[in-house]
Amino acid sequence: MLQKKSLMKRKYKYILIVLLTFIVYGNTLFHDYALDDAIVITDNEYTLQGFQGIKHILSEDLFSGFFDQKGKKLVAGGRYRPLSLVTFAIEWELIMGSPFDGLNNLSIQKRMNKNANPNYILPSNKLLKDLSVTIHNENRSLRIKQQENRLNKTNILTQQEKIKILSNLKKMQKNRKILLFVSHFINVLLFVITCLVLLILLERLFPSKETVWYTSISFVAVLTFLVHPIHTEVLANIKGRDEILSLLGALSSMLFMLNYIDSRKIINLLWAFVCFALALFSKEVAVTFLVITPLSIYFYKKSENKLKDILISLIPLVLVSVIYFIARNIAVGEIALEPSLELMNNSFLGMTFSERYATIFHTLLLYLKLLIFPHPLTYDYYPYHISIMTWKNITPILSVLIYVGMGVYAIIGLKKKNLISFGILFYLITLSPTSNVLFPIGVFMNERFVYASSIGIILIVAYLIVVKLPQLLQNQKIIIVLFLSFLSLYSIKTISRNRVWENDFTLFTHDVEISENSAKSNTSAGGKLIEEAVKPENKELRNEYLQKSIFYLGRAIKIHPTYNDAYLLMGNAQWELNHNLDSVFKYYNHILKRNLLFNQVYSNIFDSKINLVFEDGNIAKSNIAILHQLEKYNPNHFKLNYYLGKIYGRFLNDLNTSKFYLERAAKINPNDVAVFKDLGVAYGLTKEFKKSAIALTRAVELDSFDPVLKLNLAMTYANLKDFNNALKWMNEIKSMDIEKADAKILINLAYLYRNMGKNEKSQECFAQAQSLNPDLFKND
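Here goes a summary of the coordinates provided.

Cut-offs and rules
Residues numbered from 1 in each chain as written. Predicted model: local features only at pLDDT ≥ 70, side-chain atom pairs only at ≥ 80, totals over all residues. Heavy atoms only, no water. Helix = DSSP H or I, 4+ residues; strand = E, 2+ residues; numbered from the N terminus. Buried < 20%, exposed > 50% of the residue type's maximum accessible area, 1.4 Å probe, protein only. Areas by Shrake-Rupley, 256 points an atom, 1.4 Å probe, with all protein chains shown as cover. Lys, Arg positive; Asp, Glu negative; His and termini not counted. Charge placed at Lys NZ, Arg CZ, Asp CG, Glu CD. 1 Å grid on protein atoms, 1.4 Å probe; cavity = no way out; pocket = protein on both sides within 12 Å on 5 of 7 lines; lining within 4 Å. Points joined across faces, edges and corners; volume = space filled by probe spheres on them. Nonpolar A, V, L, I, M, F, W, Y, C, P; charged D, E, K, R; others polar. Phe/Tyr/Trp six-rings, centres within 6.5 Å; stacked < 30°, edge-to-face > 60°. Expected span 1.5 Å × (residues − 1). Contact = heavy atoms within 4.5 Å. Salt bridge = Lys/Arg side-chain N within 4 Å of Asp/Glu carboxyl O. Axes fitted to C-alpha atoms, helices over the stretch in contact; angles between N-to-C directions. Parallel < 35°, antiparallel > 145°, perpendicular 65-115°, else oblique. Left-handed = near helix turned anticlockwise from the far one by under 90°. Polar contact = N/O pair within 3.5 Å; in protein donor to acceptor, adjacent residues only side chain to side chain.

**Some thoughts on the overall build of the protein chain**
Then, number 1: Looking only at helices and strands, the protein chain has 35 helices and zero strands in total.
Then, number 2: Taken over the C-alpha atoms alone, the protein chain extends approximately 110 × 55 × 50 Å along its principal axes.
Then, number 3: Per-residue burial over the protein chain gives 53% buried out of 780 residues.
Then, number 4: Of the roughly 36200 Å² of accessible surface on the protein chain, a fraction of 59% belongs to carbon and sulfur atoms.
Then, number 5: Between the mean site of the 88 positive side-chain charges and the mean site of the 64 negative ones, the protein chain shows a separation of 6 Å.

What follows is the structure, encoded as structure tokens:
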């Protein structure tokens, strides 16, 4: 009978935990991607490859699939956390598929990746990323235009392949919300399981002496952990799955260790091995459970031979750790802790040793404050939302006193197996890798860093509520009301905080008001406002968003005067507001003075819609002036030389200077059609027909489907009196499948045939042109 009641009590606890989890985190199921999801999912080439990408995920750095340049590391020492990315790749494969589904993917890769530079992303994978990112654009017409424009830049694909790709992208876009729901649901489900495992584990370690099932320390602790607002970042952000899997694996491993102690069955050690591997390959901070697990066994009353049980428990954990660090070393290389020279990747840059540790202890005090009073919360604790501290400030000193006191209390209570002692040690040990005390991790602090360590503090709070508070109030009903009120306030805060994480726009524009002194937060908000401003549906808000963006980006530059991202986005905002290259270059120039070859400046100018200014002959001289400034920084940039040659020839009629820059561009990139096309025309205008023929021949080799190139080449040979070659290319044009838009080419071809005495072919060309586009002959 007692056993039946015990099972019922446990059942009630489990049901309540499941229900409460979905009540508190249910609204995250309908969220969009946010924050770091781009790094691991939407802009990660290996995740987007699905099953094919798993081998790369397992063998390379976490950020490798995100960067187009290989071997680049976002943070010092690299990161190896493959397991969560493997799950993302599986979900993407099963739900989204690929733009290349139904096509011969190997054939496409072979054609596109021929002579590819192994130090950069393969062209086929770059196309995969570029196409996949378009499905997140909710504006249908703009989305299709982006997809068609990207495919039109790829000459290797056939028209049938392009049609199939567009069809696949349409299907992927329809499945996008399904994937989002599934990914968020998996995170919430894993969190539920984590809470259940935590409950079972705590009940084993600290059996309840209470007669009322819902007032046990373990249950109160798990409910508090479940609703705690500081965990929002982990649950609301799909990328947070690495934290969830890591803690779930570590706690499960501990539970199987206790099962082994109870049963002495080897199978439990094997399961502990598997679970700890799950934890460590999800996130390396699980290594702290090499200490936490022996500590738990020390506190476990059923362990009769503590030393023996601890040594046995360490065998599978150490074995997994050795395997993990070997795999990590192969994938990432040796662990190097050299500090970054970029403030956003090294928050302590420029600080003295004294300032650094004063700031560290300030953040450690802030962690404790947020674990008790979680307000305000923000995704961004970058410089200088956290100010530089000195030992003249009170908070670092207070923090040292509190943490020393906690440490002393924990050591004293260890012999008595005091629960508070366990909670303190659990908190300190699991926080240690991300505390910056032992080694710098690149950022002051983050809320997700206390996801696991919060258990220690929450366990202490539960103990005070269940054991100490009744001694003060001596009224069980009041205590229950107080706890439910406390739980409700935490739940309301968590639910409201979840809403902020709905998407990047809501997150960045909300948290920038909290982290107003952070360069990163201001830059992120500014960048997202530009994205929203250019959307057709936000036409009425366009100027308002752009002005706000400029305000935030200006604030970011004041905080961090050498922040390239802020200057880059400020230039973009100026373009969208003024469509003036001078105002753009004013900010880009700040970057180039420090980094002559900063690639994104050049790609923004030459590969985005900014390059449309180079088609405006009215501002040719001012454009030339800016291009010459760029030339001082990077004289060997291909598109810089190409546009200088194009503008000098087309708008300023300076053909000699035009040829100089076009020739230089052709040497830099001998595989670009446009430069040889324009160079052939320039040579033709200066009567250098032999050079023109050579340039145009190369252009035709690069693009054999362009009838204009072949017509120019035929005319060039005609000017050289080489009528055999002229007729060869003329006949090739005539045999091509000319479209309506190119009907004028047939008219020019007809006149060329007539001039060479080929009247029959001339009439055929006129007839074909008239059938394609009768409007061309109306004036005749």
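There is more to say after this.
**Details of empty space enclosed by the protein**
Then, number 1: Inspection of the entire model under this criterion finds four cavities of 30 Å³ or more.
Then, number 2: If you add up the space inside the largest cavity, you get close to 150 Å³.
Then, number 3: Forming the walls of the largest cavity are 15 residues, and the residues nearest its centre are Glu-243, Val-285, Thr-430, Phe-449 and Ala-452.
Then, number 4: Per-element tally for the lining of the largest cavity: the top contributor is helix 12 (residues 241-263), with three residues.
Then, number 5: Here the residues of the lining of the largest cavity are counted per class, giving seven nonpolar, five polar and three charged.
Then, number 6: In this structure, the second largest cavity encloses a volume near 50 Å³.

**Some remarks on the environment of Gly-102**
Then, number 1: Tracing the backbone shows Gly-102 in the loop between helix 5 (82-96) and helix 6 (105-112).
Then, number 2: Its relative accessible area of 73% is what places Gly-102 among the exposed residues.
Then, number 3: Considered as a pair, Gly-102 and Asn-436 are 334 residues apart in the sequence and their alpha carbons are 50 Å apart.

**Overview of the packing of aromatic side chains**
Then, number 1: This structure, assessed with the given rule, holds 36 aromatic pairs.
Then, number 2: Here Phe-206 and Phe-299 contribute two aromatic rings whose centre-to-centre distance is 6.3 Å and whose plane-to-plane angle is 65°, an arrangement assigned as edge-to-face. Placement of Phe-206 in the loop between helix 9 (159-205) and helix 10 (217-227) and of Phe-299 in helix 14 (residues 289-299) is noted, with a sequence separation of 93 residues between them. Each member of the pair, Phe-206 as well as Phe-299, is classed as buried.
Then, number 3: An angle of 35° between the planes, with centres 4.8 Å apart, marks the rings of Phe-614 and Tyr-643 as tilted. On the criterion of sequence distance, the pair formed by Phe-614 in the loop between helix 26 (599-607) and helix 27 (620-633) and Tyr-643 in helix 28 (residues 638-650) is long-range, its members being 29 residues apart.

**What about helix 5?**
Then, number 1: An ideal rise of 1.5 Å per residue puts 21 Å on 15 residues; helix 5 measures up with 20 Å between its terminal C-alpha atoms.
Then, number 2: The complete set of buried residues in helix 5 reads Pro-82, Ser-84, Leu-85, Val-86, Phe-88, Ala-89, Glu-91, Trp-92 and Met-96.
Then, number 3: Those residues of helix 5 hidden inside the fold are in contact with helix 2 (37-42), helix 3 (45-48), helix 4 (54-59), helix 7 (123-134), helix 9 and helix 12.
Then, number 4: In the segment just after helix 5, Gly-97 is the residue with positive phi, at about 75°.

**Description of the pattern of salt bridges**
Then, number 1: Inspection of every chain in the model, using the stated rule, returns 30 salt bridges.
Then, number 2: In this structure, Lys-535 engages Glu-532 in a salt bridge whose closest nitrogen and oxygen atoms are separated by 3.0 Å.
Then, number 3: Note on Glu-532: relative accessible area 14%, which makes it buried.
Then, number 4: One connected set of salt bridges, linked through shared partners, spans Lys-126, Asp-130 and Arg-150.

**So, unusual backbone geometry**
Then, number 1: Omega for the peptide link from His-375 to Pro-376 comes to -10°, which places this bond in the cis form.
Then, number 2: Here Pro-376 shows up in the loop between helix 16 (353-372) and helix 17 (394-414).
Then, number 3: That bond from Pro-383 to Tyr-384 is cis: its omega, 0°, falls within 30 degrees of zero.
Then, number 4: Looking at the element boundaries, Tyr-384 is found in the loop between helix 16 and helix 17.
Then, number 5: Here the phi dihedral of Leu-35 falls at roughly 55°; this positive angle occurs in a residue that is not glycine.
Then, number 6: Take Leu-35: it is sitting in the loop between helix 1 (2-25) and helix 2.
Then, number 7: Given the relative accessible area of 17%, Leu-35 is considered buried.
Then, number 8: With a phi angle near 55°, Asn-653 is a residue other than glycine that sits in the positive phi range.
Then, number 9: Checked against the element boundaries, Asn-653 lands in the loop between helix 28 and helix 29 (655-668).

**Brief notes about the packing of helix 34 (residues 743-755) against helix 35 (residues 759-772)**
Then, number 1: Orientation of helix 34 relative to helix 35, taken along the N-to-C sense of each, is 165°, at an axis distance of 8 Å. One finds that helix 34 runs roughly antiparallel with respect to helix 35. As helix 34 runs across helix 35, the sense of the crossing is left-handed. The residues of helix 35 that touch helix 34, namely those facing Ala-743, Leu-746, Ile-747, Leu-749, Ala-750, Tyr-751, Tyr-753 and Arg-754, are Asn-759, Lys-761, Ser-762, Gln-763, Cys-765, Phe-766, Gln-768, Ala-769 and Leu-772.
Then, number 2: Across the contact of helix 34 with helix 35, the residue classes tally to eleven nonpolar, four polar and two charged.

**Concerning the environment of Lys-659**
Then, number 1: Counting through the fold element by element, Lys-659 comes out in helix 29.
Then, number 2: Lys-659 sits in the buried class, given a relative accessible area of 9%.
Then, number 3: Along the sequence, Lys-659 and Tyr-642 sit 17 residues apart, while their C-alpha atoms lie 9.8 Å from each other.
Then, number 4: Side-chain polar atoms of Lys-659 contact the side chain of Thr-686, separated by 3.4 Å.

**Some points on helix 30 (residues 673-685)**
Then, number 1: With 13 residues, helix 30 extends 19 Å between its outermost C-alpha atoms, agreeing within 8% with the 18 Å of an ideal straight helix rising 1.5 Å per residue.
Then, number 2: The set of residues buried in helix 30 consists of Val-673, Val-675, Phe-676, Leu-679, Gly-680, Ala-682, Tyr-683 and Gly-684.
Then, number 3: Buried residues in helix 30 make contact with helix 28, helix 29, helix 31 (689-702) and helix 32 (707-719).
Then, number 4: Lys-687, located one to two residues past helix 30, shows a positive phi value of around 65°.

Taken by themselves, the reported measurements are silent on function.
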